[in-house]
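Chain and residue survey
These are the residues of each chain, in order.
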Amino acid sequence: MKHLSQFLYKLLLTILAGIFISISTFPAKVIAFDLRNTPPQYREQARQQEAQLRKPRLGAPRPGAPQPRNCPNTNQPVDFQKNLGLDYIDSDNHVLNATLNVINPDSFTLGDVTFKSSYQATYDGKTAIFQPDPNNQRLALYQTEENKLGTYMPPVLRVSPGDTIKLKLNNNLTGQWTGSAPQDTNFHYHGFNVPATEHADDVLTHIRPGQSDPMDFVIPENHQPGLFWYHPHIHDDSDSQVSSGMSGAIIIKGIEKYYPIINGIPLKPDKPNLVKEIVKDIEQPDDTTIKGILPQLKPSLTERVLLFKDLQLKEQLKTDPPNSYACYTLNGLVNPNITIKPGEVQFWRIGNIGADNYINLSLQKSTGDTSPLYILARDGNIVNPPFLQKEPILLAPGNRVEVLVIGPPSGQKYNLVSTEVLNTDTIPLKKGDPDPKPPSQATFKGNPTVATVSSEGEQVNYDVGALEKYILSQKPQDKLDNLPSIDQLAKMSILPSHQRTFTFTQDFTNPNKAARGGEFYINDNIYDENQFDTVVRLGDIEEWTLVNATPVHHAFHIHQLDFLVTEVNGKSQLTSNYAQGYQDVIDLPPCATAKDNNDSCDPNTETKTVVRIPFTNKIIAAKFDGNQDYNLDTENSIYKNGQFVGGQFVYHCHLLYHEDHGMMQNILVLPPLPRPFILPE
C-alpha cells in the first residue's frame, strides 16, 4: 500500500509538471477542444463511405501539363466578348446584396456542350463523364436567381472598400454519395483581410443541408483593391466542391487609385487640331464641354477577367480503370477567343480558381517568342513598380495576377499558353548542385493553348512615346497603410521565438492510408479540427521556413493575411520577378531527387521557402459574435467587455486534395500584451 501511494504521488507530480510546462511554454498544441461543436452522426458515415470509395490520386499534375487532346471543343456564345461570358453582381449604395444556393443539378452546360444524366457528354465522337472526385459523387454548383439550373461559372462579385457584403448562402444539397448523407458547406473570401468571424469569413463553421448563412460584414476602408475569389472551405469536401465548379471571383474596386494608367493612356490624335474640330460648332465651349471630349482622347483601358479552372473528366472506355484527365477551362470554355485591337493596351485580371492544377501562363507569338506581360498586382497586392514578365507566370491554385497586355499587329493572333515544366521545376543544374531552378528560369516543353488572342479593329496609337517605357515608368500614386512596406518588413530583425519551421510531408506507403488517397502532413501532424497548432500575438512579425520534403508541389496559403517571400533555397527573392511584393499563395517546389510520387526525398535536396508574415492588422485578430460591432480606430476593436477575443483561422496547402487529406493547421491569435482573454467559442 505504501509503494502504491508513493507511485500515485510521483504520478501526480509528473502530471502537474507536464501541465505547468505546457501552459508556461505555449507549445504548438496548446489548446485542444472542439472548434466547431459539430455532431458527428452523418459525417462519420460519410467518412466511412469515402474511405471505401476513394482511389489514390498521387499528388497534382506537373505545372502546365499539356491540355489533353480529348477536351470538349466548347464553342463560345456570340456575345462572349462583352464580359468574356461572365455575369456580375455589383454593390449598390455601398451594399452588395446577393443570394447563392448550393444545389445538386441534374445537368450542366459548358459553352454548347451539355453534361446530362450521370454527367455524361458526347462530343467529337467521344463520350466523357465529368468527375470532380474519384468517388463518382454528385455534382454541386452555385445557383442564382438568373441561373436556376446552377452554373459552373458563378457571378463575379464587385465591391469597394467600405462596402457592406450581405450574402446569403443556402445549402440545398440533397446528397453526394449514393446512399449517404448530403454534405455540409461554407464560404471563404480568399485573400480578404477581414475578421474570421461567424457570418463573415469563418471557414470553421458548418452550413448543413437545409441551413443558411446570412453573411453580413464590412470591408475595411483601407482594404487593398484587386482580384480575390470565393469558394467552399469545408474540410474533407473542399476539393470535391471546388472541382465541381463552386468558385467565383470577387473584385475590390480602386486599383486605378494606385495606378491611374488604368483610367486611360493619351491617344495620338489623327489630326493635330482634333479638339478644336470637335468643338467648332459649339458657340461657347466651357470646361465641362472639354471634359466631356477627353474620354475620346484618353479612354479607360478595357478590363478583362480571366478565370481558370481544372475540369476533371473521365473517358467512357472499356479499360479499367477509365482514363481520367483534367482540361483547363477559361471562364467555363476550352480555348476561347479573346479580341483586342492592334496596339491596344488592355487590363487583364487573371485567377487560378480551380482545386488542384497549376497554370504556367505566357502569351506566345506565332514565331514562338513570348509577348511581354506587365504585372501591376499579385494576389490582390499592388507591386511597386510594375515589372515586365517575359517568362511564364506560375499560378498555383489560388494565385491571381493583374497585368497589362499590348495587342498584336493587325490580323495576327497570339496564343495564351500554359507551358509544362520539364519533370519538376527543381532539377539541379548539375549533380550535387543545391540550387534548383525557380519556375521562371526552368526549362519548358509543350504549348497547350488555353486561349487565342486575336487582333481585330483599327490600330491604336498612344501619344506617350515608347509605350513599354511609359508603362514601366508608372509609380503607385498612393500607399496602403494596413501592412508594413516591403522594405520595412525585409529589413526587420526577427526574434528567434518568432522563427518557425513547417515541414510538408506525405505518406502513400501505408496500405490503409494509400487506400484513402494518401495522407498529407505539416510537421508530421494530420489536420485536427480540435486543436490549435500555432499560437501568435497580435503585432508579431513572424518568419516561417516552409520545407517541402515531398516529390510533388505544394502551395502554401494562410487566411486573413498576406506575406512576403524573402528566400527560396537560400537565394533572396526581394528583387526577383518570381516572388515580388505581398502574396497569399506561394508554390513550394518539390525536392529534386525523388523519381516519382512515392519515392522519398534526400534531406539535402528538400526545398526551403522563407516567408515573413506581419500579424499587425487588428481586424484579422478579432472574433466577435454576430451582433458585436467593431471599430478599426479604437482599442475596443479587439476587445469585448475589456477582454480580448482570440482570433482563429487556418493555413494549409492550397492543392485542395492535399488539404482535405490532412495538410492544414489551426492558428490562434492572442492579445498583444498579457491580459485576460476569451477563448473563441
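As shown above, the structure is provided for reference.
Report on the accompanying structure. Worth saying up front: this structure is predicted, and the values here are computed from it rather than measured. (Residues numbered from 1 in each chain as written. Predicted model: local features only at pLDDT ≥ 70, side-chain atom pairs only at ≥ 80, totals over all residues. Heavy atoms only, no water.)

Digging into the overall build of the protein chain
The criterion, for reference: For helices the rule is a DSSP run of H or I covering at least 4 residues; for strands it is a run of E covering at least 2, with both sets numbered from the N terminus onward. Only protein chains enter the accessibility calculation, which uses a 1.4 Å probe. A residue is then buried if its area is under 20% of the maximum for its type, exposed if over 50%, and partly exposed in between. By definition, residues are in contact when any of their heavy atoms lie within 4.5 Å.
Counting its secondary structure elements, the protein chain contains 11 helices and 42 strands. The burial tally for the protein chain puts 56% of its 681 residues in the buried class. Look at the contacts in the protein chain between residues 6 or more apart in sequence, and 78% of them connect residues 24 or more apart.

What about the sheet that holds strand E36 (residues 585–588)?
The condition that has to hold: What makes two strands pair is DSSP finding at least two bridges between them. A fitted line through C-alpha atoms serves as each axis, taken over the contacting stretch for helices, and the angle formed by two N-to-C directions is quoted from 0 to 180°.
Spatial ordering of the open sheet is given by E30-E41-E40-E32-E36, a layout of five strands whose pairing is mixed. The sheet terminates laterally at strand E30 (534–537) and E36, the two strands that pair on one side only. Between one strand and the next, the sheet's axes are offset by a mean angle of 25 degrees, whatever the strand orientation.

Examining the environment of histidine 654
Rules: Polar contacts here mean pairs of N or O atoms no more than 3.5 Å apart (in protein, one a potential hydrogen donor and the other a potential acceptor; neighbouring residues in sequence count only if both atoms are side-chain atoms).
Among the secondary structure elements, histidine 654 is positioned in the loop between strand E40 (647–653) and helix H11 (656–660). Once the C-alpha coordinates of histidine 654 and valine 585 are considered, the two residues, 69 residues apart in sequence, prove to be 7.7 Å apart. Among all residues touching histidine 654, those that are not within four sequence positions of it are His190, Trp229, His231, Ala355, Pro397, Ala555 and His557. In this structure the side chain of histidine 654 is engaged in a polar contact, spanning 3.3 Å, whose partner is the side chain of histidine 190.

Some thoughts on the environment of valine 535
Relative to the assigned elements, valine 535 resides in strand E30. When the C-alpha positions of valine 535 and isoleucine 667 are compared, they lie 5.8 Å apart, and in sequence the two are 132 residues distant.

Digging into the environment of glycine 85
Counting through the fold element by element, glycine 85 comes out in the loop between helix H3 (80–83) and strand E1 (88–90). By relative accessible area, which is 44% here, glycine 85 ends up partly exposed.

Considering the pairing of strand E18 (residues 359–364)
Most of E18 is tucked away, with six of its six residues classed as buried. Alignment of E18 against strand E22 (residues 393–395), held across three bridges, turns out to be antiparallel. Residue asparagine 360 lies in a different strand from E22, and its bridge partner there is leucine 394. Both E18 and strand E24 (residues 413–418) contribute to a ladder of four bridges, which runs antiparallel. Opposite leucine 363, over in E24, you have leucine 416 as the bridge partner. When E18 meets strand E19 (residues 370–371), the two strands line up antiparallel, connected through two bridges. Along E19, the bridge assignment pairs glutamine 364 with threonine 370.

Looking at the side chain of aspartate 213
How we decide: Here the positive residues are Lys and Arg and the negative ones are Asp and Glu; neither His nor the chain ends is included. Salt bridge, as used here, is a side-chain nitrogen of Lys or Arg placed within 4 Å of a carboxyl oxygen of Asp or Glu.
Checked against the element boundaries, aspartate 213 lands in strand E11 (residues 212–218). For aspartate 213, which is buried and forms no salt bridge, the nearest opposite charge comes from lysine 168, at a distance of 10 Å. One polar contact links aspartate 213 to histidine 199, side chain to side chain, over a distance of 2.8 Å. Apart from residues lying up to four places away in sequence, aspartate 213 is in contact with Leu167, Lys168, Leu169, His199 and Ile207.

A few points about unusual backbone geometry
Across the junction of asparagine 384 and proline 385, the peptide omega takes the value 0 degrees, indicating a cis bond. Look at aspartate 236: it is not a glycine, yet its phi comes out positive at around 90 degrees. Looking at the secondary structure, you find aspartate 236 in the loop between strand E12 (226–231) and helix H4 (238–244). Backbone geometry at aspartate 524 places phi at a positive 65 degrees, although glycine is not the residue there. Turning to its location among the elements, aspartate 524 is positioned in the loop between strand E29 (519–522) and E30.

What about the pattern of salt bridges?
Counted by the stated rule, this structure contains nine salt bridges. With a closest N to O distance of 2.7 Å, aspartate 216 and lysine 166 form a salt bridge. Highlighted residues: aspartate 216 in strand E11 and lysine 166 in strand E9 (residues 164–171), separated in sequence by 50 residues. On the basis of relative accessibility, which here comes to 41%, the residue aspartate 216 falls in the partly exposed class. Take lysine 166: its relative accessible area is 35%, and that puts it in the partly exposed class. A salt bridge links arginine 349 to glutamate 303; the shortest N-O distance between them is 3.3 Å. A residue pair is termed long-range when its members are at least 10 positions apart, and arginine 349 in strand E17 (residues 345–352) and glutamate 303 in strand E14 (residues 302–315) qualify at 46 residues. By relative accessible area, which is 3% here, arginine 349 ends up buried. A relative accessible area of 34% means that glutamate 303 is categorised as partly exposed. Connected via shared salt-bridge partners are Glu303, Arg349 and Glu402.

Some remarks on the nonpolar core
Formally: By nonpolar core is meant a set of buried Ala, Val, Leu, Ile, Met, Phe, Trp, Tyr and Cys residues that side-chain atoms within 4.5 Å join together.
Counting residues in each nonpolar core, the largest one holds 36 residues, and the members touching the most others are Trp544, Phe556, Ile558 and Phe615. Among all residues touching phenylalanine 556, those that are not within four sequence positions of it are Phe504, Trp544, Leu546, Phe563, Asp584, Val585, Ile586, Leu588, Tyr651 and His652. The next biggest cluster of nonpolar side chains, apart from the first, holds 28 residues, and it includes Leu333, Ile359, Leu361 and Ile375.

With respect to the pairing of strand E13 (residues 248–252)
Among the five residues in E13, five count as buried, and that is most of the element. Pairing of strand E8 (residues 156–159) with E13, which is carried by three bridges, proceeds in the parallel orientation. Across the sheet, the residue bridging to leucine 157 is isoleucine 250, located in E13. When E12 meets E13, the two strands line up antiparallel, connected through five bridges. Bridge assignment links tyrosine 230 to a residue of E13, and that residue is glycine 248.

Re the side chain of histidine 188
Counting through the fold element by element, histidine 188 comes out in strand E10 (residues 188–190). Polar contacts involving the side chain of histidine 188 include one to the side chain of aspartate 201, which spans 2.9 Å. Filtering out sequence-adjacent residues up to four positions away, histidine 188 remains in contact with Asp201, Val203, Trp229, Tyr230, His231, His233, His557 and His559.

Some thoughts on the packing of aromatic side chains
The line we're drawing: Two aromatic rings, drawn from Phe, Tyr or Trp (for Trp, its six-membered ring), form a pair once their centres lie within 6.5 Å of each other, and the interplanar angle then sorts them: stacked below 30 degrees, edge-to-face above 60, tilted otherwise. By definition here, charges over rings are those cases where NZ of Lys or CZ of Arg is within 6 Å of the ring centre and within 35 degrees of the ring normal.
The full count for this structure, using the stated rule, is 17 aromatic pairs. Taking the centre distance of 5.5 Å and the plane angle of 85 degrees together, the rings of phenylalanine 192 and phenylalanine 228 count as edge-to-face. Here phenylalanine 192 is found in the loop between E10 and E11, whereas its partner phenylalanine 228 is found in strand E12, with 36 residues between them in sequence. Each of the two residues, phenylalanine 192 as well as phenylalanine 228, counts as buried. Aromatic side chains tryptophan 544 and tyrosine 651 sit 5.2 Å apart centroid to centroid with 65 degrees between the ring planes, which places their arrangement in the edge-to-face category. Residue tryptophan 544 is found in strand E31 (residues 541–548), and its partner tyrosine 651 is found in strand E40; the two are separated by 107 residues along the sequence. Comparing tryptophan 544 with tyrosine 651 shows no difference in burial state: the two are buried. Taking NZ or CZ as reference, lysine 309 lies 4.8 Å from the ring centre of tyrosine 152, over its face.

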